[in-house]
Amino acid sequence: MKEITKKLLSDILRPIPINAHKGSNGTLTVISGSAAYRGAPSLAVGAALRTGCGITRLISIEKIISSVQLQHPCCTFLPVSESSNGTIGADCASAIYSCAGKTDAFLIGCGLGQSAEVSSAVSAVAVCGKKAVIDADALNIISQNPSIYSAFKNGFIVTPHVGEMSRLTGASISEIKNDLPKYAKAFSLEHRCVTVLKDSVTVISTEAGEIYRSSLGNEGLSKGGSGDVLAGLIAGFAAQDYSLSEAAIIGCAVHGLSANLCAEENGKMAMLPSDLEKYTVKLLASLGF
C-alpha cells in the first residue's frame, strides 16, 4: 500500500505546456443537478474548472444552469428538459450522445436524484466509450442495474463512500470499514475500474489492484458537498492527459491538502466545501502550477 503525499502529487502533476490552448487541455462534460439538489453542480464544476481542464461543460436542467452560470461563467452549458419529479428529462441521453465526440471525460451523478431518465443518462455515458467518473446517484443507479458495468469500454472511476459501497457490493458498512483496501481492490478487479473508496481515510485501488491510501484532509470535510468537490477534481484531471489512476490520486491529494489549508485559516467546524475552491488555487500556486 502506497501513501498519497504532497510529494507524490508534485511528482505526478505536470505543468501546462507553453503552447497549450483550450482544445488541447481536455474537455469535461458534467451531468449533474436536480430541483432538490441545486448546489452539487456548482461545487463539482467549480472544482473541475480549477484543474487546468480546457473546457468544462454542464448538462442540466435550466434552473440549475441559470444558477451555475452566475457563479462560474467560464463553464459552457447544454440545457435539457426537466422531468415531472425535478430530475433531468428524457432528452438528456441524446444530449450526452451529441457531445460525446467533443468530450474527453464525463462526470455523472452529483445531485442527479434517481429516476428512469437518470438511469438512461448513466447508460448513455457508459456506451460513449470515453473516460467516466461515476459518483453519488449514478452509483445508486448502477447498484440497481449492474448490467451497466459491461457497457464501459474505456475505463471508469467510481467514487463511493462506504454507504454507497455497501449498496454496490452487498457487504455491510461495518465489514467495509474494517477493511477498506480489501473491498476497493476486489471491486476494481471485478469491474476493471479505479475505485476511490471514501471514509475518514480514502483508499484508491487501480484497475490492477494496486492500493493507495490518503489520510490527507480533516474532519472539517464531513459535510454535504465535499464529495461533489472531490468528484469534480478527479474528473477535471481525468479529462486531461492523465490516466484514470493518476487522476484519482491527484484529485484526492488536491482535495485533502486544500482542506488542510482551509482549516488552518477557518477552523474545521466552520469550513465549508464551497470554501475549497479558493484553497485549491492557493495549493496549486504554492506547488508552482
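Further up the page is the structure itself.
Here the residue index of a chain counts from 1 through its sequence in written order. Per-residue local features are limited, in this predicted model, to residues with pLDDT of at least 70; the limit for side-chain atom pairs, both in listing and counting, is 80 or more; totals at the level of whole chains, interfaces and linings are taken over all residues. Side-chain descriptors were evaluated using all non-hydrogen atoms of the structure, hydrogens and water having been removed beforehand.

*Asks:* Before we go on, may I ask you to explain the overall build of the protein in this structure?
*Replies:* For helices the rule is a DSSP run of H or I covering at least 4 residues; for strands it is a run of E covering at least 2, with both sets numbered from the N terminus onward. Check the secondary structure of the protein and you find 12 helices and 10 strands. Between the two quantities, the radius of gyration covers C-alpha atoms and the globule rule is 2.2 Å times the number of residues to the power 0.38. Computed over the C-alpha atoms, the radius of gyration of the protein is 17 Å, within 12% of the 19 Å expected from 2.2 N^0.38 for a compact globule of 289 residues. Burial classes follow relative accessibility: with a 1.4 Å probe on protein chains only, a residue under 20% of its type's maximum area counts as buried, one over 50% as exposed, and anything between as partly exposed. Here the protein holds 289 residues, and 57% of them are scored as buried. In this description, accessible areas are obtained by the Shrake-Rupley approach with a 1.4 Å probe, and a residue is regarded as covered only by the protein chains that are shown. Counting only carbon and sulfur atoms, one obtains 52% of the accessible surface of the protein, whose full area is about 11700 Å².

*Asks:* Just to check I follow, could you spell out the sheet that holds strand β9 (residues 202-205) for this structure?
*Replies:* By definition, the strands of a sheet pair up through backbone hydrogen bonds, in either a parallel or an antiparallel sense. With respect to topology, 10 strands assemble into an open sheet ordered β1-β10-β9-β8-β7-β6-β5-β2-β3-β4, the strand pairing being mixed. Only two strands of the sheet have a single partner each, and these edge strands are β1 (2-3) and β4 (76-80). Across 5 bridges, the pairing between strand β3 (residues 55-61) and β4 is parallel. Bridging from a neighbouring strand, Leu58 pairs with Phe77 of β4. Here a residue-residue contact requires only that any non-hydrogen atoms of the pair lie within 4.5 Å. Fitted lines through C-alpha atoms give the axes, limited to the stretch in contact for helices. The angle between two N-to-C directions lies from 0 to 180 degrees. Packed onto the sheet, helix α9 (residues 180-191) meets β7 (156-158), β8 (194-198), β9 and β10 (211-214) and runs at close to 155° relative to β8. In the packing of helix α11 (residues 244-266) onto the sheet, contacts are made with β6 (131-134), β7, β8, β9 and β10, and the angle to β8 comes to roughly 20°. Any two strands between which DSSP finds at least two bridges are classified as paired.

*Asks:* How should I be thinking about the layout of surface pockets in this particular structure?
*Replies:* Any empty space left between the atoms is revealed when a probe the size of a water molecule rolls over them. Any residue with an atom within 4 Å of a point lines the site, the site being either a cavity, points on a 1 Å grid over the protein atoms alone where a 1.4 Å probe fits but cannot get out, or a pocket, an open set with protein on both sides within 12 Å along at least 5 of 7 lines. Grid points are joined across faces, edges and corners, and a volume is the space filled by probe spheres set on the points. Here the largest pocket defines a volume of roughly 820 Å³. Lys198, Leu221, Lys223, Ser226 and Gly227 are, among the 36 residues lining the largest pocket, the residues nearest its centre. Only α2 (40-49), α6 (137-144), α10 (226-238) and α11 provide two or more residues apiece to the lining of the largest pocket. Ranked by residues supplied to the lining of the largest pocket, first place goes to α10 with 4 residues. In terms of residue class, the lining of the largest pocket is built from 9 nonpolar, 18 polar and 9 charged. Taken as a whole, the second largest pocket encloses approximately 520 Å³ of empty space. If you go around the second largest pocket, you meet 23 residues; those closest to its centre are Arg14, Ile16, Thr51, Gly52 and Gln240. Examining the composition of the lining of the second largest pocket, we find that 4 residues originate from one element, helix α12 (residues 276-286), more than from any other. Residues belonging to the lining of the second largest pocket are distributed by class as follows: 13 nonpolar, 7 polar and 3 charged. Residues are sorted three ways: Asp, Glu, Lys and Arg are charged, Ala, Val, Leu, Ile, Met, Phe, Trp, Tyr, Cys and Pro are nonpolar, and all the rest, Gly among them, are polar.

*Asks:* What is the right way to look at the packing of α2 against α10 in this model?
*Replies:* Each packed pair of helices is defined by two parameters, the angle between the axes and the distance between the axes. In the contact formed by α2 and α10, the axes pass within 7 Å of each other and the chain directions differ by 35°. Viewed along their axes, α2 and α10 form a crossing whose handedness is right-handed. Two secondary-structure elements touch here, α2 through Ala40, Leu43, Ala44, Ala47 and Ala48 and α10 through Asp228, Val229, Gly232, Leu233 and Gly236. Among the residues forming the contact of α2 with α10, the class breakdown is 7 nonpolar, 2 polar and 1 charged. For any pair of crossing helices, the crossing counts as left-handed if the nearer helix is rotated counterclockwise from the farther one by less than a right angle, and right-handed if it is rotated clockwise.

*Asks:* Any chance you could explain the packing of aromatic side chains here in plain terms?
*Replies:* Aromatic rings in a pair are described by how distant their centres are and how their planes are angled relative to each other. Stacked, edge-to-face and tilted are the three classes for Phe, Tyr and Trp ring pairs, Trp counted by its six-membered ring, which pair at centre distances within 6.5 Å; planes under 30 degrees apart are stacked, over 60 edge-to-face, the rest tilted. Inspection of the entire model under this criterion finds 4 aromatic pairs. Plain terms: the ring middles of Tyr149 and Phe156 are 6.4 Å apart, the flat faces sit at 25° to each other, and that makes the pair stacked. Tyr149 sits in the buried class, given a relative accessible area of 11%. We classify Phe156 as buried; its relative accessible area is 2%. Consider the rings of Tyr149 and Phe187, whose centres lie 5.9 Å apart with planes at 75°: the pair is edge-to-face. Of this pair, Tyr149 sits in the loop between α6 and β7 while Phe187 is found in helix α9, placing the two residues 38 residues apart along the sequence. Taken as a pair, Tyr149 and Phe187 share a single burial class, namely buried. Aromatic ring contacts, followed pair by pair, group Tyr149, Phe152, Phe156 and Phe187 into a single cluster. Only Lys NZ and Arg CZ are tested; either one counts as a charge over a ring when it is within 6 Å of the ring centre and within 35 degrees of the ring normal. Here the basic side chain of Arg14 rests over the ring of Tyr242, its NZ or CZ set 4.1 Å away from the ring centre.

*Asks:* So what exactly am I meant to see when it comes to the pairing of β10 here?
*Replies:* In summary, the side chains of a regular strand alternate between the two faces of the sheet. Note: β1 against β10, 2 bridges, orientation parallel. Considered in β10, the bridge of Glu3 is made with Arg213. Strand direction decides the pairing type here: β9 and β10, joined by 4 bridges, are antiparallel. Bridge pairing in β10 places Ile204 opposite Tyr212.

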